[in-house]
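What follows is each chain in one-letter form.
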Number of protein chains: 2
Amino acid sequence: MDLDDRKAKILRAIIQNYQETGEPVGSRTISKYSDLNLSSATIRNEMADLEEMGLIVQPHTSAGRIPTDKGYRLYVDELMEAKDQEVTEMKDFLIQRVDRVELLLKQMAKLLAMNTNYATMITGPSYNNTKLKFIQLSGMGDHKLLAVIVVEGNIVKNTILDLDRDIEPQDLLSLNLLLNSNLNGLTLNEINLGIVKDLEEQAGEFGGLVRKILNAVADAIRNDGGMQIYTSGATNIFKYPELSDGQTASELIHTLEEKDQLRDLVKQSLDEDGKEGIQVYIGEEMPVQTMKDCSVVTANYELGGGIRGTIGIIGPKRMDYVKVMDTLKTLMAQLDILFRPVVEEPEDERGE
Amino acid sequence: MDLDDRKAKILRAIIQNYQETGEPVGSRTISKYSDLNLSSATIRNEMADLEEMGLIVQPHTSAGRIPTDKGYRLYVDELMEAKDQEVTEMKDFLIQRVDRVELLLKQMAKLLAMNTNYATMITGPSYNNTKLKFIQLSGMGDHKLLAVIVVEGNIVKNTILDLDRDIEPQDLLSLNLLLNSNLNGLTLNEINLGIVKDLEEQAGEFGGLVRKILNAVADAIRNDGGMQIYTSGATNIFKYPELSDGQTASELIHTLEEKDQLRDLVKQSLDEDGKEGIQVYIGEEMPVQTMKDCSVVTANYELGGGIRGTIGIIGPKRMDYVKVMDTLKTLMAQLDILFRPVVEEPEDERGE
DNA sequence: TGTTAGCACTCTACATAAACGAGTGCTAAC
DNA sequence: GTTAGCACTCGTTTATGTAGAGTGCTAACA
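Residues numbered from 1 in each chain as written. Chains lettered and ligands numbered in written order. Predicted model: local features only at pLDDT ≥ 70, side-chain atom pairs only at ≥ 80, totals over all residues. Heavy atoms only, no water.

**Q** Before we go on, may I ask you to explain the pattern of salt bridges in this structure?
**A** When the charged atoms of two side chains with opposite charge come close together, those side chains can pair. Within this structure, the stated rule accounts for 32 salt bridges over all chains. Here Lys-7 of chain A makes a salt bridge to Asp-49 of chain A, at a shortest N to O gap of 3.3 Å. With a gap of 42 residues between them, Lys-7 of chain A in helix H1 (residues 5–21) and Asp-49 of chain A in helix H3 (residues 40–52) connect regions that are remote in the sequence. When its relative accessible area of 21% is taken as the criterion, Asp-49 of chain A is described as partly exposed. Between Glu-242 of chain B and Arg-318 of chain B there is a salt bridge, and its shortest N-O distance comes to 2.6 Å. Here Glu-242 of chain B is found in helix H10 (residues 241–244), whereas its partner Arg-318 of chain B is found in the loop between strand E10 (308–316) and helix H13 (321–339), with 76 residues between them in sequence. Note on Glu-242 of chain B: relative accessible area 30%, which makes it partly exposed. Given a relative accessible area of 8%, Arg-318 of chain B falls into the buried group. Salt bridges here are not isolated pairs; linked through shared partners, they connect Asp-4, Arg-6, Lys-7, Glu-46 and Asp-49 of chain A. (Salt bridge = Lys/Arg side-chain N within 4 Å of Asp/Glu carboxyl O. Helix = DSSP H or I, 4+ residues; strand = E, 2+ residues; numbered from the N terminus. Buried < 20%, exposed > 50% of the residue type's maximum accessible area, 1.4 Å probe, protein only.)

**Q** Please clarify how the pairing of strand E5 (residues 144–151) of chain B should be interpreted in this entry.
**A** The two faces of the sheet receive side chains in turn, since in a regular strand these alternate between them. Residues and elements named next belong to chain B. Taken across its eight residues, E5 has eight buried, putting it largely inside the fold. Residue alternation in E5 divides its side chains into two sets, Lys-144, Leu-146, Val-148 and Val-150 and Leu-145, Ala-147, Ile-149 and Val-151, and both sets are buried. Linking strand E4 (residues 132–141) back to E5 in an antiparallel pair, the connection comprises two residues, with Asp-142 at a positive phi of about 65°. Hairpin connection of E5 to strand E6 (residues 155–162): three residues between the antiparallel strands, including Gly-153 at a positive phi of 85°. (Pairing = 2+ DSSP bridges.)

**Q** Sorry, what's going on with the protein's contact with DNA strand D here?
**A** Looking at DNA strand D, there are 20 residues lining it, with Arg-6, Thr-42 and Thr-61 of chain A together with Ser-27 and Arg-65 of chain B nearest. Counting only atoms of DNA strand D within 4 Å of the protein, the sugar-phosphate share comes to 77%. Thr-42 of chain A places a side-chain nitrogen or oxygen 2.7 Å from a phosphate oxygen of DNA strand D. At 3.3 Å from a base oxygen of DNA strand D is found a side-chain nitrogen or oxygen belonging to Arg-44 of chain A. Mapped by element, the contributors of at least two residues to the surface near DNA strand D are H3 of chain A together with helix H3 (40–52) of chain B. Per-element tally for the surface near DNA strand D: the top contributor is H3 of chain A, with four residues. Residues belonging to the surface near DNA strand D are distributed by class as follows: four nonpolar, 12 polar and four charged. (Near = heavy atom within 4 Å. Polar contact = N/O pair within 3.5 Å; in protein donor to acceptor, adjacent residues only side chain to side chain. Nonpolar A, V, L, I, M, F, W, Y, C, P; charged D, E, K, R; others polar.)

**Q** Quick question: what am I supposed to make of the interface of chain B and chain A here?
**A** Accessible area lost during the coming together of the parts is what is often quoted as the interface size. Of the residues lining the interface, 38 residues belong to chain B; the matching set on chain A comes to 38 residues. At the boundary of chain B with chain A, total buried surface from both sides reaches about 3200 Å², with 51% on carbon and sulfur atoms. Scanning the region where chain B abuts chain A turns up two salt bridges. Between Lys-110 of chain B and Glu-258 of chain A there is a salt bridge, with its nearest N and O atoms 3.3 Å apart. (Contact = heavy atoms within 4.5 Å. Buried area = accessible area lost by both parts, 1.4 Å probe.)

On their own, these measurements won't tell you what the molecule is for.
Structure (structure tokens):
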């Protein structure tokens, strides 16, 4: 059996209605509120077909129908139609260029959560493709060495190394010179084994130290070894009864709080990269078990200068995919406009 | 009517029993499980008195009694008895001295949440009383200046300043020297107007710049102007039915997520400073409306070198105050041991 | 005078049953 | 192919009854 135009319309009507009410939708409702001008009986026949095709189900015999994961999938892939809507003005927020990437991200997450009424997450940027601007080593006494690393976009990171002994100021000076003249302008990815080895040799007696420093630098830039994730609007899930019962809500919020599993999700999303950079996971498609009653829409953002990350919106399976995807697209576009003509003056971040 | 010994024992029994079960406790229960050897009828008479005194209430006519806020207050202030208990071993966690304060704090919050089964919060430290170790200025080109600030305890902060023009390397060098020779060893609080003015004069043509730098430094150290708060274990509240219904849970988690109101709470807690540095807020005593079904126990921690903050445990009003307060005390003591013998450079070694 | 046994009473929680209604599938007629 | 009609299903609501926990009060007891 194939999905003719009428069936598609009915499926779309069911999904949209269910989106608004959260209640199973019956044949009479569709008959009355759609522009198909068909009696409920006809709708019923079609619905039986749709059910046979696995696109909708009845929660129980005498109830209306709700979409299945497969139904949502079809809708997202082929049936969605852009509906006019007030493009939410985030510009005001973003325009006041926050000077810290971290803060900007948190604000974006919060803003999106308020705008959409869903939960949101956003990863801290990865700097793997960002160019090194300079490294500055300073002795701290006490056998400790402070390394401050500045990358493109004026992001500042720092790390402290424990050494066997203190280093003489003039040695420090030449080390600084050595590192900067060799690494300046390279991205983290480009600092490979070959270069490290090369530097080690040039450094002579400080070879081991150079290696140690570079490792620490790599660690620091890789954002403390683990991907940072910020979440916001977790409590929005209480707006959707199907997610509000103790068990589900607790698990869900725990997942959002712990963030470990979100990390897996983000990794997968980075691998797949859907159309227009937007990715949709529906229910059981989700790699995260505790979120199988949810859908997640993810997008990859770019702040210019190789600073990239992922942003995600988490809601019930009946989330308003059109609105969410539009909002994300708008946001991405605005980020692009704001950060594309990088006049080399944007964010800085202070390490801790 | 006054609270004689027997009434006190009964009240204590009621509170402890309610703590464990979460159910209103009846006269028969007390009669059987307490060491008073009284019949339920006698207990009933006493309970009627306790109710008249406003220490306990019946949720409804044919139910047992539960403590009121006033009852809890009396218990916390006078009736609590230390019960032997496994002092939870956090040492293992803490011993692996994380070198980033932020991470340490997050870990502590998480650990406490796991140990107590309540939600926790912890403020980032304030560095107002921490001594400056050194400041390092570096030109970044493009009219930008990077200031890296290191304070006692090897906390590193940094900030970027926008200037009218770039500064010559030798000027930078003398500025660095000027700042460090004058500010080294001072706390943020000690860097007052007088010193700033003094430095400004010494700096000659760079006077304005010095002022700008010092302001930025102060901002950076003050932790971005706002108190950082980390929370953990928010989902623990679902373990307590009285907090688990949609409305309450949602509000509570929202409060924990947003943190604004927690900030007020912390401020108040810093002002009051209860006995042994521990503060207890019960129900309606709470300055935060959304937490009026909860109790919060706060303590002020110190990591040595003037690094201070507040830690708090949020649970139902029937929380195990004894355990919570013990745990906090233990933690504080362990922090003390771990951070007290901070071996500073000799010159800094004047006890505070 | 303090304690206790006994009892009537209250109120919640739970179970059962009946009534309701939304929605269906099927059939027959258009 | 569409639709009206109808019997049927099943969850939701409402009413009713019952069991049990716990109380307050009274009267008897030590």
